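Chain by chain, the residues run as shown.
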Amino acid sequence: MTGSITSQPAPKGSEQPAERPAAQLSPTTPPQEAVLPPRAPEAPAPGTLVGSHYDHCFGCGPQHPAGLRMTVVAGEGLDVTAEFTVGAGHQGGPGLAHGGLLTTAMDETLGSLNWLLHAAAVTGRLETDFVRPVPVDSVLHIRARITGVHGRKIYSAAEGRIGGPDGPVAIRAQALFIQVKLEHFTQHGRPEDIKKALDDPDLFKRARAFEVNP
Ligand SMILES: CCCCCCCC(=O)SCCNC(=O)CCNC(=O)[C@H](O)C(C)(C)COP(=O)(O)OP(=O)(O)OC[C@H]1O[C@@H](n2cnc3c(N)ncnc32)[C@H](O)[C@@H]1OP(=O)(O)O
């Protein structure tokens, strides 16, 4: 067949290497030396809400006008559950959830795990597998757990099911969060927002905004 792409010479520099490198572990997979530490004494009790870390967070903030307003419940160990109801405003394709928003829901849930260690950490890497389409009006039932901690690196994994907590898996994610200091926010965040958060008379909210944060 003329014009077949297979008949074209390979562009220069695109030849296969003579030897393929050995398969590497994903950076979101904990290394062998990683540990599973105990829950922090400050961790929310099993079965209770982890709570929003920041009122204006797109993922969990109750004051965000268009956010996902997710609520996350602490598990018995280093695990949490969460639900995200897909609304008409979350569409990508007609009648279907936008993948980026599903990823946000996973990111938020995975990030809340860090609160169980009382660690301030930000997403360094997030990998997502979209397994099946998620229709509007579905509830995504998410379970997430810490899979290992190594130095400042917190590894975690999650899955989201539809049709019930034990329904088919629609989305899977693995993440690497990196612990950071308060300066991460004070040096990089927009000054007026930092000031507002630091000036919050609610001590608990003030601490949460910076202790466990996006
Ligand atoms: C309740 C909370 C819910 C939160 C949910 C929402 C979460 C979010 O949206 S967070 C916002 C999005 N994330 C960000 O803005 C982070 C932006 N990135 C950064 O600020 C920096 O790159 C940061 C802090 C991640 C790492 O920088 P830095 O502190 O200098 O660490 P650095 O020394 O480079 O790396 C530390 C380790 O992590 C590794 N690492 C860092 N980034 C990555 C990455 N993307 N992939 C793989 N490994 C990484 C490094 O290789 C290094 O490993 P090792 O200790 O073995 O050498």
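Residues numbered from 1 in each chain as written. Predicted model: local features only at pLDDT ≥ 70, side-chain atom pairs only at ≥ 80, totals over all residues. Heavy atoms only, no water.

- Under an unreviewed UniProt entry, the name given to the chain is Acyl-coenzyme A thioesterase THEM4, and the source organism is Kitasatospora indigofera.
- UniProt annotates the chain under Sequence similarities (unreviewed entry) with the comment "Belongs to the THEM4/THEM5 thioesterase family." (UniProt positions renumbered as here; feature names shortened; annotations may be inferred.)

## Let's talk about unusual backbone geometry
Stage number 1. Its identity is not glycine, yet histidine 118 carries a phi of approximately 55 degrees, on the positive side.
Stage number 2. We note that aspartate 137 has phi near 85 degrees; this positive angle belongs to a residue other than glycine.
Stage number 3. Along the chain, the position of aspartate 137 falls in the loop between β3 (121-130) and β4 (139-150).
Stage number 4. The exposure class assigned to aspartate 137 is exposed, which follows from its relative accessible area of 66%. (Helix = DSSP H or I, 4+ residues; strand = E, 2+ residues; numbered from the N terminus. Buried < 20%, exposed > 50% of the residue type's maximum accessible area, 1.4 Å probe, protein only.)

## A few points about the nonpolar core
Stage number 1. Core analysis: the biggest nonpolar cluster contains 38 residues, and Phe84, Leu102, Leu110, Leu140, Ile142 and Ile154 have the highest contact counts within it.
Stage number 2. For this core, the elements supplying multiple residues, two or more each, are β1 (71-74), β2 (79-85), α1 (99-112), β4, β5 (153-161) and β6 (169-179).
Stage number 3. If sequence neighbours within four positions are ignored, isoleucine 142 has contacts with Met70, Val80, Thr81, Ala82, Ala105, Met106, Thr109, Ala158, Glu159 and Gly160. (Core = buried A, V, L, I, M, F, W, Y, C linked by side-chain atoms within 4.5 Å. Contact = heavy atoms within 4.5 Å.)

## Quick notes on the UniProt feature "domain: Thioesterase" (unreviewed entry) in the chain
Stage number 1. Following the UniProt record, one finds the feature "domain: Thioesterase" (unreviewed entry) at residues 95-160.
Stage number 2. Helix makes up 21% of residues 95-160 and strand makes up 45%, while its end C-alpha atoms are separated by 18 Å.

## Some remarks on the pairing of β1
Within a regular strand, the side chains alternate between the two sheet faces.
Stage number 1. Where burial is concerned, the two faces of β1 differ: the one with Val72 and Ala74 is buried and the one with Thr71 and Val73 is not.
Stage number 2. For β1 and β2, the ladder comprises 4 bridges, and the chain directions are antiparallel. Bridging across to β2, valine 73 finds its partner in threonine 81.
Stage number 3. Connecting β1 to the next strand, β2, in antiparallel fashion are 4 residues. (Pairing = 2+ DSSP bridges.)

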